[in-house]
Amino acid sequence: MSVWDDLEGQAPVVAQLRQAAQGEGLTHAWLFTGPPGSGRSNAAKAFAAALNCEQEDLTLRGCGECPSCHTILAETHSDVTFVRTEKVTITIEEARQLVAKAGDRPASGRWRIIVVEDADRMAERTTNVLLKAIEEPTPRTIWMLCAPSPADVLVTIRSRCRTVGLRLPPAADVAALLVRRDGVEPGLAERAARAAQSHVGIARRLARDPEARERRLDTVRFPLGLRGVTAAVMMAEKLVKIATDEANSSNEERDAAEKAALLATLGAPETGTLPPAMRSQIKQLEDDQKRRAKRSITDSLDRTLTDLLSFYRDVLVIQLGNAVELVNVELRSELEAYAAASTPETTLTRMDAINTARVRITTSNVAPLLAVESMASSLIQ
């Protein structure tokens, strides 16, 4: 076992990070890039563990067995700070707290490490707060930023970082990981990895949740019944409902648990009116939960549209001669019939409409239903 075991299909990245952990090419700031599901944050976490690994033999750094490796992988090590946001953006105040933390000397490990998993979710003014700390770090501090692509980070930041580019691993590697790490039956693991288009996290969810597999199949089949404006409007409403229900189902239980934990920590009375100080903290928590809910619905809808996009991807593959494997193999006959009724140019136009809707939903304040209705109208046969 080692900290690198979960980085399936990323051999060049593992080799690069192993060398750096041994002191070859180590620098104070790193930028991990790659599409969603490529394992950016996992790579950063593994690298952090290797840097603070307790093995004296440099070739064994990242052993996965020592206390430091265990606590870093569990995100409980005192010298490694993980930052991720479940809200729309990372705030300036949160960035200032990171800068203050980065100035501390490591308590027990070799390095004080700050891992920012959502560096693309910082506004320009927020990123500028980090600039000086990354530009002139304290001697034993290392920054690790994660983003989908270098373009998602300000040029002033990325020019000071060493870039590590990850790719989506082959579906076979993702399936092997699900079998080895999660005990998934090989056939199911292969289907889940293919349906997730090699996104490790989504593949794991599909492999373990039959309802998630059913929701995805419903989404992918939508174009087969898309006839006329009425069907398009109904499709849009159902797509948004699928995404909203999936997001809310995970949020409600977590929100209630967080509120109960906060009340217990504050020693709040079981009955009666809460003191003003307690009410303000409860309100802050509820505000944070509302922001998180907005992001979770947006992310869920984006995943739903990605599933829908896979239908047209397969149609295009068939229209161009089946050069690569289909994502939705179980729908081959329906896909072939659909492909025969249109042209590659039409399919590309429909894919563009879906991607336009994804951009509108994730980067602007447009109402999700309006964006999806506009998209659906472009998909009518």
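Residues numbered from 1 in each chain as written. Predicted model: local features only at pLDDT ≥ 70, side-chain atom pairs only at ≥ 80, totals over all residues. Heavy atoms only, no water.

**Some remarks on the domain arrangement of the chain**
Line of reasoning, step 1. The domain architecture assigned to the chain consists of domain 1 (10–165), domain 2 (171–208) and domain 3 (229–379).
Line of reasoning, step 2. Computed over C-alpha atoms only, the centres of domain 1 and domain 3 are separated by 29 Å. (Domains from an automatic or database assignment.)

**Quick word on the pattern of salt bridges**
Line of reasoning, step 1. If you walk through the whole model with that rule in mind, you get 17 salt bridges.
Line of reasoning, step 2. Between Glu135 and Arg160 there is a salt bridge, with the nearest N and O atoms lying 2.5 Å from each other. Within this pair, whereas Glu135 is found in helix 5 (residues 124–135), its partner Arg160 is found in the loop between helix 6 (155–158) and strand 5 (162–165), the two being separated by 25 residues in sequence.
Line of reasoning, step 3. By relative accessible area, which is 35% here, Glu135 ends up partly exposed.
Line of reasoning, step 4. In this structure, Asp182 engages Arg204 in a salt bridge whose closest nitrogen and oxygen atoms are separated by 2.9 Å. Pair noted here: Asp182 is in helix 7 (residues 171–182) and Arg204 is in helix 9 (residues 200–208), with a separation of 22 residues, a long-range link.
Line of reasoning, step 5. Of the residues examined, Arg204 reaches a relative accessible area of 32% and is grouped as partly exposed.
Line of reasoning, step 6. Counted as one network, the salt bridges with shared partners bring together Asp6, Arg181, Asp182 and Arg204. (Salt bridge = Lys/Arg side-chain N within 4 Å of Asp/Glu carboxyl O. Helix = DSSP H or I, 4+ residues; strand = E, 2+ residues; numbered from the N terminus. Buried < 20%, exposed > 50% of the residue type's maximum accessible area, 1.4 Å probe, protein only.)

**A closer look at the sheet that holds strand 1 (residues 29–33)**
Line of reasoning, step 1. With parallel pairing, the five strands of this open sheet are ordered in space as 2-3-4-1-5. Single-partner strands in this sheet number two, and they are strand 2 (80–83) and strand 5. Pairwise comparison of adjacent strand axes, ignoring direction, gives a mean angle of 15° for this sheet.
Line of reasoning, step 2. On the sheet, helix 1 (residues 11–21) packs against strand 1 and strand 5 and is oriented at approximately 145° with respect to strand 5. (Pairing = 2+ DSSP bridges. Axes fitted to C-alpha atoms, helices over the stretch in contact; angles between N-to-C directions. Contact = heavy atoms within 4.5 Å.)

**Considerations on helix 4 (residues 92–102)**
Line of reasoning, step 1. Regarding helix 4, the residues found buried are Ala95, Leu98 and Ala102. Considered in projection along helix 4, the buried side chains sweep an arc of 55° and stay on one side of the axis.
Line of reasoning, step 2. Contacts from the buried residues of helix 4 go to strand 2, strand 3 (112–116), helix 5 and strand 4 (141–147). (Arc of directions from axis to C-beta.)

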